[in-house]
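Working through the structure, step by step
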Amino acid sequence: MSSSTVRPRVRMTGEQRRRQLLDVGRELFAQRGFEATSVEELAAHADVSKPVVYEHFGGKEGLYGAVVDREMQALLDRFTSALSVPRPPREMLESAALVLLDYIEEDTDGFRVLTRDAPGQSGGASFSSLIGELARKVEHILAREFGARGYDPRLAQLYSQALVGMVSLVGEWWLDNRALGKREVAAHLVNLSYNGLAHLEPRPGLGDSRRSSPGG
């Protein structure tokens, strides 16, 4: 009877197994963190033996680094797509804020992995390096706008770091503080970054909702 309840091991190609281990790793590293997750747990959740994990990634550190790299690329691709079409500055800020908040909402485990303290030996890229890459993309957009408006384009680097840093820190806060909705958070981010403290709107909105408001 016991033999009839044994679950047959699913046979996968090497690439399928690699993707499965990445998915399992993302889930466990997000829930437990790197240090608290063992190779035994990773193997058990993937229904494989420990040597399979070592075969594909060389160990827990290699798997962690691969998970981080995959999530970073996924988030970077989202930003690249959203910021690739020239639009008015405020719309670009709205898109950038919503990209990160969308990612947090739809890929919460991935964002938790990215924002956790990375082990020094993992070899994976860090969240700060991702933020730096995003800031460089925003810098090119700001430099273009600064030049068109008569501002010093060299200041674009400073402002891009400030804007991206603000959005990413608020994103980390929103991860566990969902009292405000996604669009409301994005609207307040854009309100501060676009209008400044001296000209904050009392009830900011995004896109069409802002333009249709009595004061918009």
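Residues numbered from 1 in each chain as written. Predicted model: local features only at pLDDT ≥ 70, side-chain atom pairs only at ≥ 80, totals over all residues. Heavy atoms only, no water.

**Considerations on the UniProt feature "DNA-binding region" (unreviewed entry) in the protein**
This chain's UniProt record puts "DNA-binding region" (unreviewed entry) on residues 38-57. Summarising residues 38-57: 80% helix, 0% strand, and an end-to-end C-alpha distance of 14 Å. (UniProt positions renumbered as here; feature names shortened; annotations may be inferred. Helix = DSSP H or I, 4+ residues; strand = E, 2+ residues; numbered from the N terminus.)

**Section: a nonpolar patch on the surface**
A cluster of nonpolar residues, L155, L158 and Y159, forms a patch on the protein surface that exposes about 300 Å² of accessible area. For L158, the position within the fold is in helix 8 (residues 156-175). Overall, L158 belongs to the exposed group, its relative accessible area being 55%. (Patch = residues over 30% accessible without salt bridge, like charges linked within 9 Å, V, L, I, M, F, W, Y side chains within 5 Å. Areas by Shrake-Rupley, 256 points an atom, 1.4 Å probe, with all protein chains shown as cover. Salt bridge = Lys/Arg side-chain N within 4 Å of Asp/Glu carboxyl O. Buried < 20%, exposed > 50% of the residue type's maximum accessible area, 1.4 Å probe, protein only.)

**Details of helix 5 (residues 89-106)**
Turn by turn, an α-helix covers 3.6 residues, leaving residues three or four places apart pointing in a common direction. Look at helix 5: 26 Å from first C-alpha to last across 18 residues, which is about the 26 Å you get at 1.5 Å a residue. With 13 of its 18 residues buried, helix 5 lies for the most part within the structure. (Expected span 1.5 Å × (residues − 1).)

**Here we look at helix 3 (residues 50-57)**
Looking at helix 3, one finds that the buried residues are V52, V53 and F57. Projected down its long axis, helix 3 shows its buried positions confined to an angular sector of 100 degrees, all on one face. Of the residues in helix 3, the exposed ones pointing more than 90 degrees away from the buried face are P51 and E55. Those residues of helix 3 that are buried are in contact with helix 1 (14-32), helix 2 (39-46) and helix 4 (60-83). (Arc of directions from axis to C-beta. Contact = heavy atoms within 4.5 Å.)

**Brief notes about the pattern of salt bridges**
In total, this model carries 14 salt bridges according to the counting rule given. A salt bridge links R19 to E15; its shortest N-O distance comes to 3.7 Å. Placement of the pair is R19 and E15 together in helix 1, with a separation of four residues, close to one helical turn. Two residues, E41 and R32, come together in a salt bridge whose shortest N-O distance is 3.3 Å. The structure contains a network of salt bridges with shared partners spanning R26, E71, R78, E106 and D107.

**Some details on the packing of helix 6 (residues 108-115) against helix 8**
In contact at an axis separation of 11 Å, helix 6 and helix 8 are set at 120 degrees when each is read in the N-to-C sense. Classified by the angle their axes make, helix 6 and helix 8 are oblique. Handedness of the crossing formed by helix 6 with helix 8: left-handed. Only G171, E172 and L175 of helix 8 make contact with helix 6, whose side of the interface consists of T108, F111, R112 and T115. Tallied by class, residues from the contact of helix 6 with helix 8 come to two nonpolar, three polar and two charged. (Axes fitted to C-alpha atoms, helices over the stretch in contact; angles between N-to-C directions. Parallel < 35°, antiparallel > 145°, perpendicular 65-115°, else oblique. Left-handed = near helix turned anticlockwise from the far one by under 90°. Nonpolar A, V, L, I, M, F, W, Y, C, P; charged D, E, K, R; others polar.)

**Side note on the layout of surface pockets**
The volume enclosed by the largest pocket comes to roughly 670 Å³. In terms of lining residues, the largest pocket is bounded by 27 residues, among which P89, L93, L142, L163 and S193 are the most central. Listed by contribution, the elements that provide at least two residues to the lining of the largest pocket are helix 4, helix 5, helix 7 (127-149), helix 8 and helix 9 (182-195). The class makeup of the residues in the lining of the largest pocket is 23 nonpolar, two polar and two charged. (1 Å grid on protein atoms, 1.4 Å probe; cavity = no way out; pocket = protein on both sides within 12 Å on 5 of 7 lines; lining within 4 Å. Points joined across faces, edges and corners; volume = space filled by probe spheres on them.)

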